[in-house]
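Structure assessment
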Amino acid sequence: MSKKKWQVFPGKNRFFCGGRIIMAKQINVFFVTLILLIGVCVLFFVFDSGYLSEKIHWTIPVIAGILLGFTLLFLFRTSFSDPGILPRATGDEALFNDRGADNNNDLTQDSSHFRNPPRTKDVLVNGETVKLKYCFTCKIFRPPRASHCSMCDNCIERFDHHCPWVGNCVGKRNYRYFYLMIVTITILCIYILAFSIAHIVLLSKEEENTLITAMSKTPASVIEALIAFFAVWSVLGLAGFHSYLAGTNQTTNEEIKGSWAQRHGEVVRNPYTTNNCCGNFTKILCGPSYTSLLRLREDKNKEKRDMEEVKKKIEKLLFEQQQQNKNNSNNQGHWTNSQPHNGLPVDHKDLQTELPRTPTPS
């Protein structure tokens, strides 16, 4: 039985549900994220929501549930999807990239006759020169903004970074969900922190309890407040940083490397920005959804069979074209032989009738 592409995928990834879910190889930290997120919310719903619904308003746990639902939705969408992995070159493509970058090279020659082709190419993107770098692992020239992730061993289109907290790379296909996840989780942390402290304060005002007594009555609220307090600073800073990146249409990789920073007094313009913060946000968050290039659930030999079928069709078309050209050449030859000097065709029978008759001797 033929295997699927995800079963023979060369990168360092884990696949689940028949290739529908793709994650990085190291996913332990992802489960830590999941346990902390769900655990804190469960404590809030069990020990705080009832009291707060009675004392303040019944919508408090409802809003917390909505925030948790959106956070988990964006987390799973980020963690379980293809971030924009670029397929590796096939054997013939790799041979061409390794040997055939120079048009003068003959791929049938021995490898000792080849000189190493250039490993960078310059392309123009919106008037700015951008270098395409050759990946020796994937045997391809990476598109602009792509980079090879050493953790997953794949080239990722519009590579942002590898995030162990979500157990996946963040790239072209899942960046918007990653950004929405950190925004919703920031709001959720602030929400739980505020209302867990409100629970403690309201308990301390009942029957003239001290703050310590109130905290002893609801230790779960104290745990929630501590976890949310320490988490909110990291996720709030992360949300602010990625808001800046989204507003300027940059990636974390480009910001760290200083790809669009000033060099030697020369200003390097970012060719991908719309020069408008709202335009950049709209482009990233409301842009089109990109199709995965991997087709992991297809038969691994399907492309080979498709190429063979295309090759047969091309050979058939070429044969038919040759036959048609041959017939046209034969017809052209017959046409030439049947023409007089004035270029007008005349039937041989008509020609005989037009010749003068010689008198026969009596």
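We now turn to the structure provided with this report. (Residues numbered from 1 in each chain as written. Predicted model: local features only at pLDDT ≥ 70, side-chain atom pairs only at ≥ 80, totals over all residues. Heavy atoms only, no water.)

Each helix and strand in the chain was counted, giving 11 helices and 9 strands. The burial tally for the chain puts 38% of its 362 residues in the buried class. Here the analysis covers contacts within the chain between residues at least 6 apart in sequence; of these, 60% occur between residues at least 24 apart. Of the roughly 22,800 Å² of accessible surface on the chain, 60% is carried by carbon and sulfur atoms. (Helix = DSSP H or I, 4+ residues; strand = E, 2+ residues; numbered from the N terminus. Buried < 20%, exposed > 50% of the residue type's maximum accessible area, 1.4 Å probe, protein only. Contact = heavy atoms within 4.5 Å. Areas by Shrake-Rupley, 256 points an atom, 1.4 Å probe, with all protein chains shown as cover.)

Moving on, we get to unusual backbone geometry. Of note in the backbone geometry, Asp153 takes a positive phi value of approximately 60° without being a glycine. In this structure, Asp153 sits in the loop between strand 6 (147-149) and strand 7 (154-156). In this model, Arg158 sits at a positive phi of 50°, which is unusual for a non-glycine residue. Tracing the backbone through its elements, the reader meets Arg158 in the loop between strand 7 and strand 8 (161-163). Judged by its relative accessible area of 13%, Arg158 falls in the buried class.

Right, let's get into the packing of aromatic side chains. A complete count under the given rule lists 12 aromatic pairs for this structure. Centroid distance Tyr175 to Phe178: 6.5 Å. Interplanar angle 40°. Geometry classified as tilted. Of the two residues, Tyr175 and Phe178 are both situated in helix 5 (residues 175-205); the distance of 3 residues between them amounts to about one turn of the helix. Members of the aromatic cluster, joined through ring pairs, are Phe30, Phe31, Phe76 and Phe80. When the ring centre of Tyr175 is taken as origin, the NZ or CZ atom of Arg158, which lies over that ring, is 5.3 Å away. (Phe/Tyr/Trp six-rings, centres within 6.5 Å; stacked < 30°, edge-to-face > 60°. Lys NZ or Arg CZ within 6 Å of the ring centre and 35° of its normal.)

Overall, the coordinates contain 5 salt bridges when judged by the stated rule. Put simply, Asp122 and Lys131 hold a salt bridge, and the shortest N to O gap is 3.2 Å. (Salt bridge = Lys/Arg side-chain N within 4 Å of Asp/Glu carboxyl O.)

Bringing the sheet that holds strand 5 (residues 140-141) into the picture now. Two pairing modes exist for strands in a sheet, parallel and antiparallel, and in both the strands are linked by backbone hydrogen bonds. Within the open sheet, the 3 strands sit side by side as 3-4-5. Their pairing is antiparallel. Looking at the sheet topology across the chains shown, the edges are occupied by strand 3 (120-125) and strand 5. Where strand 4 (residues 128-135) lies against strand 5, 2 bridges are found, and the strand directions are antiparallel. The residue of strand 5 that forms the bridge with Tyr134 is Phe141. (Pairing = 2+ DSSP bridges.)

This part is about a nonpolar patch on the surface. A surface patch of nonpolar side chains, amounting to about 500 Å² of accessible area, comprises Val29, Val32, Leu36, Trp165, Ile223 and Ile227. Put simply, the parts of the chain that give the nonpolar patch at least two residues each are helix 1 (28-47) and helix 7 (219-248). Among the elements that make up the nonpolar patch, the one with the highest residue count is helix 1 (3 residues). Mapping Val29 onto the fold places it in helix 1. (Patch = residues over 30% accessible without salt bridge, like charges linked within 9 Å, V, L, I, M, F, W, Y side chains within 5 Å.)

Next up on the list: the pairing of strand 2 (residues 21-24). As a general feature of sheets, a regular strand has side chains that alternate between the two faces. Across 4 bridges, the pairing between strand 1 (residues 13-16) and strand 2 is antiparallel. What sits directly across from Arg14, in strand 2, is Met23. From the end of strand 1 to the start of strand 2, which pair antiparallel, there are 4 residues, and Cys17 there has a positive phi angle of about 55°.

Turning to the environment of Ser79, a few remarks are in order. On the secondary structure map, Ser79 appears in helix 3 (residues 59-80). For Ser79, a relative accessible area of 0% corresponds to the buried category. Sequence separation of Ser79 and Cys169 is 90 residues, and the distance between their C-alpha atoms is 8.1 Å. In this structure the side chain of Ser79 is engaged in a polar contact, spanning 2.6 Å, whose partner is the backbone oxygen of Val166. (Polar contact = N/O pair within 3.5 Å; in protein donor to acceptor, adjacent residues only side chain to side chain.)

Before going further, it helps to spend a moment on the packing of helix 1 against helix 3. It is at 11 Å that the axes of helix 1 and helix 3 come closest, and there the two elements cross at 170°. Taken together, the axes of helix 1 and helix 3 are roughly antiparallel relative to one another. Contacts between helix 1 and helix 3 involve Phe30, Leu34, Leu37, Ile38, Cys41, Phe44 and Phe45 on the former and, on the latter, Ile60, Pro61, Ala64, Gly65, Leu68, Thr71, Leu72, Leu75, Phe76, Ser79 and Phe80. For the contact of helix 1 with helix 3, the class distribution of residues is 15 nonpolar, 3 polar and no charged. (Axes fitted to C-alpha atoms, helices over the stretch in contact; angles between N-to-C directions. Parallel < 35°, antiparallel > 145°, perpendicular 65-115°, else oblique. Nonpolar A, V, L, I, M, F, W, Y, C, P; charged D, E, K, R; others polar.)

Turning our eyes to something else, we now look at the packing of helix 7 against helix 9 (residues 277-285). Their axes nearest at 6 Å, the elements helix 7 and helix 9 cross at an angle of 100°. Comparing the axis directions of helix 7 and helix 9 gives the class roughly perpendicular. Here helix 7 contributes Ser243, Ala246, Gly247 and Thr248 to the contact with helix 9, which in turn contributes Cys277, Asn280, Phe281 and Ile284. Among the residues forming the contact of helix 7 with helix 9, the class breakdown is 4 nonpolar, 4 polar and no charged.

Below, the discussion takes up the nonpolar core. Ranked by size, the top nonpolar core spans 42 residues in total, and within it Leu37, Phe44, Leu75, Tyr175, Phe178, Met181 and Leu188 carry the most contacts. Listing elements by their share of this core, those giving two or more residues are strand 2, helix 1, helix 2 (49-55), helix 3, helix 5 and helix 7. Among the elements that take part in this core, helix 5 stands out by supplying 14 residues, more than any other. Setting aside its immediate chain neighbours within four residues, Leu75 contacts Phe30, Leu34, Leu37, Val166 and Met181. Counting 11 residues, the second-largest nonpolar core is a separate cluster that includes Phe9, Cys152, Phe159 and Cys169. (Core = buried A, V, L, I, M, F, W, Y, C linked by side-chain atoms within 4.5 Å.)

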